[in-house]
Amino acid sequence: MAAADPPASRAAGPPAGPTHQIAAGTRQLATHTHPLAGPTRPRATTHRSPCRDARLNPTSGDVVRIDAAVLCLLNRVRGSHHLRPLRLNNDLQGVAAGQTHDMVSGDYFGDNSLSGQTPMQRILATPYPAGAVHLAAAQNIGWATGPDATPTGIVDAWMSSPPHRAIILTASYRDVGVGVTPAAPSSLAHGLSGATYTLEFGLRVFSAKPARARRRH
């Protein structure tokens, strides 16, 4: 059963602005960048080794395991492209979990919250930017039903979509938050069981310490 297609995804090219949406089968994805930081390195995209719980269908009792499986898969992919692993960040985790819950409880699919907050606005409301002189962030969201709702299914879908893939393979991102709700927006899933995912990527740059003056002899 195909996911409901938003008008923007029927356009010949990506919609105006920083959001890109696609729909395929029982999966639907979207991205948001502010801004996309650093270059990507295109190489093979296969997962080198299995991650625990990567094919587990999310339930309310295993959300922590699903989060860990998604992080493992992301770092397997980045590792195969010779990129540094992402670190789980509690502040970004809270933003990701909040957006996922908001989409399911509000029965919608989009980057901004029901209250109209953008991904960056939600991140700025947390302690994450404290002390940073530069901040970059990006967001991937997706929902799926059936076997596509597993961590493997959603990460494979992101990696098959150029804008989502570009965010995952951005070399400069260091931190990530994973948010999973074991349900899809009801008006889109049409009664099928599934899951909704949000990834919040972050990069903070802190001011460098001034160099010590050399002593003259």
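It should be emphasised that the depicted structure is a prediction, and the values quoted were computed from it without experimental measurement.

Rules and cut-offs
- Residues numbered from 1 in each chain as written.
- Predicted model: local features only at pLDDT ≥ 70, side-chain atom pairs only at ≥ 80, totals over all residues.
- Heavy atoms only, no water.
- Helix = DSSP H or I, 4+ residues; strand = E, 2+ residues; numbered from the N terminus.
- Buried < 20%, exposed > 50% of the residue type's maximum accessible area, 1.4 Å probe, protein only.
- Areas by Shrake-Rupley, 256 points an atom, 1.4 Å probe, with all protein chains shown as cover.
- Pairing = 2+ DSSP bridges.

Trainee: Whenever I open this one, the overall build of the protein confuses me. Can you help?
Mentor: Secondary structure assignment for the protein yields six helices and six strands. When the helices and strands of the protein are listed from N to C terminus, the series reads β-β-α-β-α-α-β-α-α-β-α-β. The 217 residues of the protein split such that 48% are buried. For the protein, the accessible surface area stands at approximately 10700 Å², while carbon and sulfur atoms represent 55% of it.

Trainee: Could you clarify how one ought to interpret helix 4 (residues 151–159) in this entry?
Mentor: Counting along an α-helix, one turn takes 3.6 residues, and residues three or four places apart therefore face a common direction. The buried fraction of helix 4 amounts to eight of the nine residues, a majority that puts the element mostly inside the structure. Every buried residue of helix 4 is listed here: Pro151, Thr152, Gly153, Ile154, Val155, Ala157, Trp158 and Met159.

Trainee: What is the right way to look at the pairing of strand 6 (residues 194–206) in this model?
Mentor: Remark: a regular strand shows side chains that alternate across the two faces of the sheet. With 10 of its 13 residues buried, strand 6 lies for the most part within the structure. One ladder, built from 13 bridges, connects strand 4 (residues 132–145) with strand 6; its direction is antiparallel. Residue Leu135 lies in a different strand from strand 6, and its bridge partner there is Arg204. As judged from the seven bridges shared by strand 5 (residues 175–181) and strand 6, these two strands associate in the antiparallel manner. Of the residues in strand 6, the one forming a bridge with Asp175 is Gly202.

Honestly, that's just the spatial picture; any functional story needs more than this.
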